[in-house]
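The lines below spell out each chain.
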Amino acid sequence: MAHDPIDSDLAQTAPRGNFLHYPSSRLGAKIIPQDLTNFKSRGVSRVERELQQELIELREKYLKVIDSFNWNKLIYEAHFGFEPVIGEVYHLYAVEGKHHLSMIEPESWHQKWIGTFRLNADGRWQLEKVADDFDLRGWISTHVE
């Protein structure tokens, strides 16, 4: 029986030279690697800007949550002789070195006013307005251990 070259090509398990992604002989097209430095530098700078912005936003959100926690802690530890109603506005004062939560507006009570807050449905106190001379972060650093 005669040897058929097509049968031997079909039986071959190794990839054929004309189907490889690279030249298989010296006569093939020359491979010139692309210069990707421009692509990489553009990509790196774009990604760094986006991640830097994301970190700034995360830091701002983190500080906002910490401030909210500290305000709520300060109010819940303050003295008040009533049960606050959800949705109503209350005022925090410093009276004789202690904090007091009151319904009395700052114009009507001549004590050191710290801020005005609204009680949300979830039990959190939302800051409405704060006194210009009160710095929560500064107060926390000097009064909390």
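Below is a short write-up of the structure. (Residues numbered from 1 in each chain as written. Predicted model: local features only at pLDDT ≥ 70, side-chain atom pairs only at ≥ 80, totals over all residues. Heavy atoms only, no water.)

### Focus on unusual backbone geometry
For step 1, the next point in the chain: Despite not being glycine, Glu96 has its phi angle at roughly 50°, a positive value.
For step 2, the next point in the chain: Among the residues examined, Glu96 registers a relative accessible area of 79% and is labelled exposed. (Buried < 20%, exposed > 50% of the residue type's maximum accessible area, 1.4 Å probe, protein only.)

### Let's talk about the nonpolar core
For step 1, the next point in the chain: Within the largest apolar cluster, 19 residues are counted, with the highest numbers of intra-cluster contacts made by Trp71, Leu74, Leu92, Trp125 and Phe134.
For step 2, the next point in the chain: Listed by contribution, the elements that provide at least two residues to this core are helix 2 (37-76), strand 1 (89-95), strand 3 (112-119) and helix 3 (136-143).
For step 3, the next point in the chain: In this view, Leu74 contacts Leu92, His99, Phe134, Leu136 and Trp139; residues no more than four positions away in its chain are not counted. (Core = buried A, V, L, I, M, F, W, Y, C linked by side-chain atoms within 4.5 Å. Helix = DSSP H or I, 4+ residues; strand = E, 2+ residues; numbered from the N terminus. Contact = heavy atoms within 4.5 Å.)

### Points about the pattern of salt bridges
For step 1, the next point in the chain: Going through the model one piece at a time under the given rule, you end up with five salt bridges.
For step 2, the next point in the chain: Among the salt bridges present, the one from Glu77 reaches Lys73, with a minimum N-O distance of 2.7 Å.
For step 3, the next point in the chain: The shortest N-O distance in the salt bridge between Arg118 and Glu128 comes to 3.4 Å. Highlighted residues: Arg118 in strand 3 and Glu128 in strand 4 (residues 125-130), separated in sequence by 10 residues.
For step 4, the next point in the chain: For Arg118, a relative accessible area of 29% puts it in the partly exposed group. (Salt bridge = Lys/Arg side-chain N within 4 Å of Asp/Glu carboxyl O.)

### Focus: the environment of Leu101
For step 1, the next point in the chain: Structurally, Leu101 is set in strand 2 (residues 98-102).
For step 2, the next point in the chain: The class of Leu101 is buried, set by a relative accessible area of 4%.
For step 3, the next point in the chain: Between the C-alpha atom of Leu101 and that of Ile75, which follows or precedes it by 26 residues, the distance is 7.0 Å.
For step 4, the next point in the chain: Those residues in contact with Leu101 that lie beyond four places of it in its chain are Ile75, Ala78, His79, Phe80, Phe82, Pro84, Tyr90, His91, Leu92 and Trp125.

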